[in-house]
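# Coordinate inspection notes
Next come the chains, spelled out residue by residue.
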Amino acid sequence: MVKINSFLKDLRLNKSLLGILVDPDKLPVEDVALLLQNLPKQTTHLLVGGSTVEKDKTQILIKAIKAASALPVIIFPGDYAQISAQADALLFLSLLSGRNPEYLIGQQLKAVKYLQKINLEVIPTGYILIDGGKTTAVEKVSQTKPMSQENCKAIVETALAAEYMGKTLVYLEAGSGAKKCVNPTIVKAVAEAVKIPVMVGGGIKTQEQLAAVYKAGAKMAVVGTAFENDLKTVKTKINENICRTYTHSHTR
């Protein structure tokens, strides 16, 4: 059973949505409270998933987040095993920038038996990996090459192909830890060419980059590594304070 399209409706009706991407392999469940306390104020959604995630980690993390927060949780899966009934929606990805059949249709077929049993909003998504200046986990796992930012025409045509195929969302991504984000010129060209919402992620590190992505026509921007780094800083400071308190209390 499929949920009504509440996430897709949000994308169509709203602008400047911000999704924070959480990798279950990088966020221990015990840090969920810290995560939620330090989210950017403009956060509207949480995306959960990773290119390679240990079995059941995604489901456990989503359950913990849903128990502590009312924010919608969207699965951004590296593979079908990351599907969770605890989430609100699933980006049902087809990696259209590559030609590996496993990520064009193979993973999708494996997901069907799970999706038939749960109540989850499924968003058919044209996923386009774009060169962000470094080799990403997506590239390694999918064994596909990202599209060059120098070839805007090919990216636009791929996005249009996604729309013609019936996808309801296009996701332009430079990959986790990208050195450069998707050029706003590319975002603008895609957003003007297609009638479906455009999401953009990878390499967004500053408010200026975020603003440029929105101005170019993205309905949602996704931030992952930059926020992970901020969270690590917060956790380090907390640990340092604990250590100082402990040391002080034992040296009096």
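Everything in this summary refers to the structure shown in the same document. (Residues numbered from 1 in each chain as written. Predicted model: local features only at pLDDT ≥ 70, side-chain atom pairs only at ≥ 80, totals over all residues. Heavy atoms only, no water.)

### Thoughts on the overall build of the protein chain
Inclusion rule: By the criteria applied, helices consist of DSSP H or I runs no shorter than four residues and strands consist of E runs no shorter than two, each listed in order from the N terminus. A simple rule labels every residue: compare its accessible area, found with a 1.4 Å probe on the protein chains alone, to the largest value its type can have, and call it buried under 20%, exposed over 50%, or partly exposed in between. The criterion used for residue contact is that any of the two residues' heavy atoms lie within 4.5 Å. All accessible-area figures derive from a Shrake-Rupley calculation using a 1.4 Å probe, and residue coverage is judged against the displayed protein chains alone.
On a plain count of helices and strands, the protein chain comes out with 9 helices and 8 strands. Buried residues in the protein chain amount to 50% of all 252 residues. The contacts in the protein chain between residues at least 6 apart in sequence include a share of 72% that link residues at least 24 apart. Accessible surface computed for the protein chain: about 12700 Å², of which carbon and sulfur atoms make up 56%.

### A word on the nonpolar core
Rules: In these notes, a set of buried Ala, Val, Leu, Ile, Met, Phe, Trp, Tyr and Cys residues joined through side-chain atoms within 4.5 Å is what counts as a nonpolar core.
Counting residues in hydrophobic clusters, the biggest one holds 58 residues, and the most contacted among them are Leu 115, Leu 172 and Val 190. Considering every element that reaches this core, the biggest residue donor is helix 6 (residues 152–164), with 6 residues. Those residues in contact with Val 190, other than ones at most four positions away along the chain, are Ile 155, Val 156, Ala 159, Val 170, Leu 172 and Val 198. Phe 7, Ala 89, Leu 129 and Leu 169 belong to the second-largest nonpolar core, a separate cluster that totals 22 residues.

### Section: the pattern of salt bridges
Our working rule: We count a salt bridge whenever a side-chain nitrogen from Lys or Arg sits within 4 Å of a carboxyl oxygen from Asp or Glu.
Within the structure shown, the criterion is met by 7 salt bridges. When the shortest N-O distance is used, the salt bridge between Asp 25 and Lys 57 registers 3.4 Å. With Asp 25 in the loop between strand 1 (17–22) and helix 2 (32–37) and Lys 57 in helix 3 (residues 57–68), this residue pair connects regions lying 32 residues apart in the sequence. Given the relative accessible area of 29%, Lys 57 is considered partly exposed. Across the pair Lys 66 and Asp 88 runs a salt bridge, and its minimum N-O distance is 2.7 Å. You can see Lys 66 sitting in helix 3 and its partner Asp 88 sitting in the loop between strand 3 (73–75) and strand 4 (89–95), a full 22 residues away along the chain. Owing to a relative accessible area of 26%, Lys 66 belongs among the partly exposed residues under this scheme. When salt bridges that share partners are traced, they join Asp 25, Glu 54 and Lys 57 into one network.

### Regarding the side chain of Asn 100
Keep this limit in mind: Whenever a nitrogen or oxygen atom comes within 3.5 Å of another N or O atom, the pair is scored as a polar contact, on the condition that within protein one atom can donate a hydrogen and the other can accept it, and that pairs from neighbouring residues in sequence are kept only if both atoms are in side chains.
Tracing the chain through its elements places Asn 100 in the loop between strand 4 and helix 4 (101–115). Since its relative accessible area comes to 18%, Asn 100 is described here as buried. Within the structure, the side chain of Asn 100 is placed 3.0 Å from the backbone nitrogen of Glu 102, a separation counted as a polar contact.

### Some words on the pairing of strand 5 (residues 121–129)
Side chains on a regular strand alternate between the two faces of the sheet. So the rule is basically this: Criterion used throughout: strands pair if DSSP finds at least two bridges between them. When the strands point away from the viewer, a crossover counts as right-handed if the path from the first strand over the helix to the second runs clockwise.
Within strand 5, 8 of the 9 residues are buried, leaving the element largely enclosed by the surrounding structure. Summarising the sheet, strand 4 and strand 5 pair through 7 bridges and their orientation is parallel. Within strand 5, the residue paired with Phe 92 across the bridge is Pro 124. Once the chain exits strand 4 it traverses helix 4 before rejoining the sheet at strand 5, and the crossover so formed is right-handed. Strand direction decides the pairing type here: strand 5 and strand 6 (residues 169–173), joined by 5 bridges, are parallel. By the bridge assignment for strand 6, Tyr 127 is matched with Tyr 171.

### Observations concerning the environment of Ala 218
With respect to the helices and strands, the residue Ala 218 is situated in the loop between helix 8 (207–215) and strand 8 (220–223). Given a relative accessible area of 4%, Ala 218 falls into the buried group. Taking C-alpha positions, Ala 218 is 8.7 Å from Leu 17, a pair spaced 201 residues apart along the chain. When near neighbours in sequence (up to four residues on either side) are disregarded, Ala 218 contacts Ser 16, Val 187, Val 198, Val 200 and Val 213.

### Notes on helix 3
Under the convention used in this document: Each residue after the first adds 1.5 Å to the expected span of a helix.
For helix 3, built from 12 residues, the straight-helix expectation of 16 Å at 1.5 Å per residue is met to within 8% by its first-to-last C-alpha distance of 17 Å. In this fold, the buried residues of helix 3 make contact with strand 1, helix 2, strand 2 (45–48) and strand 3.

### Quick word on the packing of aromatic side chains
Think of a pair of aromatic rings as described by two things: how far the centres are apart, and how the planes are tilted against each other in angle. To be explicit about the condition: Pairing of aromatic rings covers Phe, Tyr and Trp, the last counted by its six-membered ring, and requires centre-to-centre distances within 6.5 Å; plane angles under 30 degrees mean stacked, over 60 mean edge-to-face, and any other angle means tilted.
By the definition in use, this model includes 4 aromatic pairs. A ring pair is formed by Tyr 80 and Tyr 114, whose centres lie 5.9 Å apart and whose planes are at 35°; its orientation type is tilted. Here the residue Tyr 80 occupies a position in the loop between strand 3 and strand 4, and Tyr 114 occupies one in helix 4, the gap between them amounting to 34 residues. A residue is classified by how much of its surface remains accessible, and Tyr 80, at 27% relative accessible area, is partly exposed. Residue classification places Tyr 114 among the partly exposed residues on the basis of a relative accessible area of 37%. Centroid distance Tyr 127 to Tyr 171: 5.6 Å. Interplanar angle 50°. Geometry classified as tilted.

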